[in-house]
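Residues per chain, in single letters:
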Amino acid sequence: GSGDASRAVADWRLAVWTLCSVLLPVLITAWCSFQRSRRQLLIRDIFRKSKHDWHYTDLFGQPSYCCVCAQHILRGAFCGCCGLRVSERCLKKADHRFLCKEIMMRGTGGAPSSMPHHWIRGNVPLCSCCMVCKQQCGTQPKLCDYRCVWCQYTVHDECMVDCLRTENCTFGEFKDLIIPPYYLSTINQMRKEKRTSYEKVVPYCRKHWMPVIVLANTRSGNNMGETLLGEFKMLLNPVQVFDLSKIAPAKALQLCTLLPCSAVRVLVCGGDGTVGWVLDAIDEMKIKGQERYIPQVAVLPLGTGNDLSNTLGWGAGYAGEVPVEQILRNVMEADGIKLDRWKVQVTNKGYYNLRKPKVFTMNNYFSIGPDALMALNFHAHREKTPSLFSSRIINKAVYFFYGTKDCLVQECKDLNKKVELELDGERIELPNLEGIIVLNIGYWGGGCRLWEGMGDEPYPLARHDDGLLEVVGVHGSFHCAQIQVKLANPVRLGQAHTVRLILKSSKMPMQVDGEPWAQGPCTVTITHKTHALMLYHSGEQTDDDDASSLSE
């Protein structure tokens with residue numbers, strides 16, 4: 001009997017130990033998971049309430065040290081505006097201890113026209129030099145040296161003297177682009193007092209001040225917009241930098257009304273579709289009677305459709321190869337030019353058609369035929385599987401597929417029998433064509449100069465500010481491809497101030513600036529709408545063969 005009892009006790013102990021060995025890891029895992037989610041909630045809560053623009057990263061891109069405990073850290077939080085870096089456990093302390101960049105100075109009384117440096121210790125940019133001794137900063141493997149978040153000057157710990165702490169900040173290289181916090185606080189005070197004469201406010205009265213407003217589309221170009229937003233906030237006043245996925249351009253551009261007339265420059269980071277959206281918002285300003293506040297527009301080409309930015313000298317696509325500082329220098333040095341904008345009206349055929357005509361604004365080009373068909377097929381597939389179309393290489397492959405497929409089936413053949421074309425009221429006899437393209441700008445199809453073709457024939461000069469459109473015909477997808485690689489010329493149909501195109505029968509693909517649709521019998525009328533004030537960068541233009549630029 002005693003043997004059975006001891007065996008039962010042993011079995012019971014084994015069961016308890018087995019249960020413990022199973023339950024203990026489960027409980028530890030559950031506890032750790034609970035603690036992690038609690039920690040994440042606390043971090044999220046600090047992020048939400050903070051005046052800093054905190055972001056969390058699993059790995060810093062360069063050797064980093066916590067601004068509170070000075071320990072080396074691999075992961076943690078960083079502020080997208082002032083550049084503070086901190087470990088997870090010191091986040092709350094850092095949030096209370098350090099001030100972020102102030103977008104507007106707190107009430108100091110009077111109208112200040114200067115402010116002291118805002119120094120932050122440690123994690124200075126690589127290859128930065130001390131403003132006092134001109135030697136390299138940040139070379140020691142510890143939290144050391146200072147950086148001013150406004151002028152970006154750096155100073156060694158040993159070179160930092162009391163006078164530097166109280167010295168007025170000059171705002172550094174980009175003083176002509178930055179909106180100083182003291183300016184906004186003065187304007188804010190004046191508006192409360194119903195005063196609108198800003199002429200004597202510093203730096204409004206300064207001759208070369210050309211404040212820049214950055215509008216970035218974070219949905220364009222593989223999250224490049226997100227990175228750029230942070231970099232511009234570091235160099236400028238964060239109030240000048242807008243995320244177009246969170247605020248509409250019309251609202252962001254109201255900042256222009258607080259700044260000097262005809263001096264503001266806007267940098268649009270996005271594809272041609274984003275530029276069109278911003279230009280539409282600027283046209284709204286004209287309607288509101290804010291014509292004197294209209295800014296000049298520069299482009300940083302993200303996304304896939306960048307023919308307009310290429311025409312204006314800003315390149316065919318930005319992938320981070322040029323530092324943000326150089327982009328701001330280019331914006332400062334750029335020259336103002338005008339860009340024609342056109343009204344495209346599509347009126348459906350039929351006496352009993354009561355629907356309003358479709359009206360578009362065109363900056364780049366209108367087309368009917370194979371390139372519109374490719375854009376339509378591309379858009380249909382991108383709508384179904386948007387994640388697949390984040391890469392330019394894939395976009396090129398898909399366009400190549402649809403272009404070659406169209407070569408084989410010739411879906412747009414005998415276009416000349418289906419349409420009538422009038423240039424400035426004069427009917428044009430059409431040769432055998434599959435497509436007609438109406439151009440406002442020099443580049444088309446991702447870096448191809450369509451009107452010039454091979455450049456071996458005399459042709460009238462094409463400009464984007466002369467109130468004239470260039471009209472060309474193409475024989476099909478294969479002909480388009482030949483023109484792109486400079487092996488053929490387009491069929492030049494002429495130049496005109498007004499273009500009228502009548503689609504007599506059947507359904508045809510059409511597109512305006514990469515926005516395609518299938519269109520039944522109709523009349524398309526293209527007339528001059530307005531001028532946009534743009535900035536031209538005299539850098540290198542690129543003949544990029546990115547055929548995907550037919551879409552945003």
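Our subject in this report is the structure included herewith. (Residues numbered from 1 in each chain as written. Predicted model: local features only at pLDDT ≥ 70, side-chain atom pairs only at ≥ 80, totals over all residues. Heavy atoms only, no water.)

Comments concerning the overall build of the protein
Argument step 1. A count of helices and strands for the protein gives 13 helices and 24 strands.
Argument step 2. By the burial criterion, 50% of the 552 residues in the protein qualify as buried.
Argument step 3. In the protein, the proportion of contacts linking residues at least 24 apart, taken out of those at least 6 apart, comes to 70%.
Argument step 4. In the structure as shown, the protein presents an accessible area of about 27400 Å², 56% of it carried by carbon and sulfur atoms. (Helix = DSSP H or I, 4+ residues; strand = E, 2+ residues; numbered from the N terminus. Buried < 20%, exposed > 50% of the residue type's maximum accessible area, 1.4 Å probe, protein only. Contact = heavy atoms within 4.5 Å. Areas by Shrake-Rupley, 256 points an atom, 1.4 Å probe, with all protein chains shown as cover.)

Description of helix H7 (residues 272–287)
Argument step 1. Compared with an ideal rise of 1.5 Å per residue, which puts 16 residues at 22 Å, H7 spans 23 Å between its outermost C-alpha atoms and is within 8% of the ideal.
Argument step 2. Taken together, the buried positions of H7 are Asp272, Thr274, Val275, Gly276, Val278, Leu279, Ala281, Ile282, Asp283 and Met285.
Argument step 3. Two residues or fewer after H7 comes Gly289, characterised by a positive phi angle close to 80°. (Expected span 1.5 Å × (residues − 1).)

Some points on the sheet that holds strand S8 (residues 154–155)
Argument step 1. Spatial ordering of the open sheet is given by S6-S7-S8, a layout of three strands whose pairing is antiparallel. The open sheet terminates on both sides in strands that have one partner only, identified here as strand S6 (119–121) and S8.
Argument step 2. Pairing of S6 with strand S7 (residues 146–148), which is carried by three bridges, proceeds in the antiparallel orientation. If you follow Arg121 over to S7, its bridge partner there is Tyr146. (Pairing = 2+ DSSP bridges.)

A look at the environment of Asp340
Argument step 1. Looking at where Asp340 falls in the secondary structure, it is placed in strand S13 (residues 335–348).
Argument step 2. What makes Asp340 buried here is its relative accessible area of 0%.
Argument step 3. Separated by 125 residues in the primary sequence, Asp340 and Asp465 have C-alpha atoms spaced 5.2 Å apart.
Argument step 4. Among all residues touching Asp340, those that are not within four sequence positions of it are Met362, Asn363, Asn440, His464, Asp465, Asp466, Gly467, Leu468, His528, Thr530 and His531.
Argument step 5. At a separation of 3.2 Å, a polar atom in the side chain of Asp340 contacts the main-chain amide nitrogen of Asp466.
Argument step 6. Reaching out from Asp340, the side chain makes a polar contact with the side chain of His531 at a distance of 2.9 Å. (Polar contact = N/O pair within 3.5 Å; in protein donor to acceptor, adjacent residues only side chain to side chain.)

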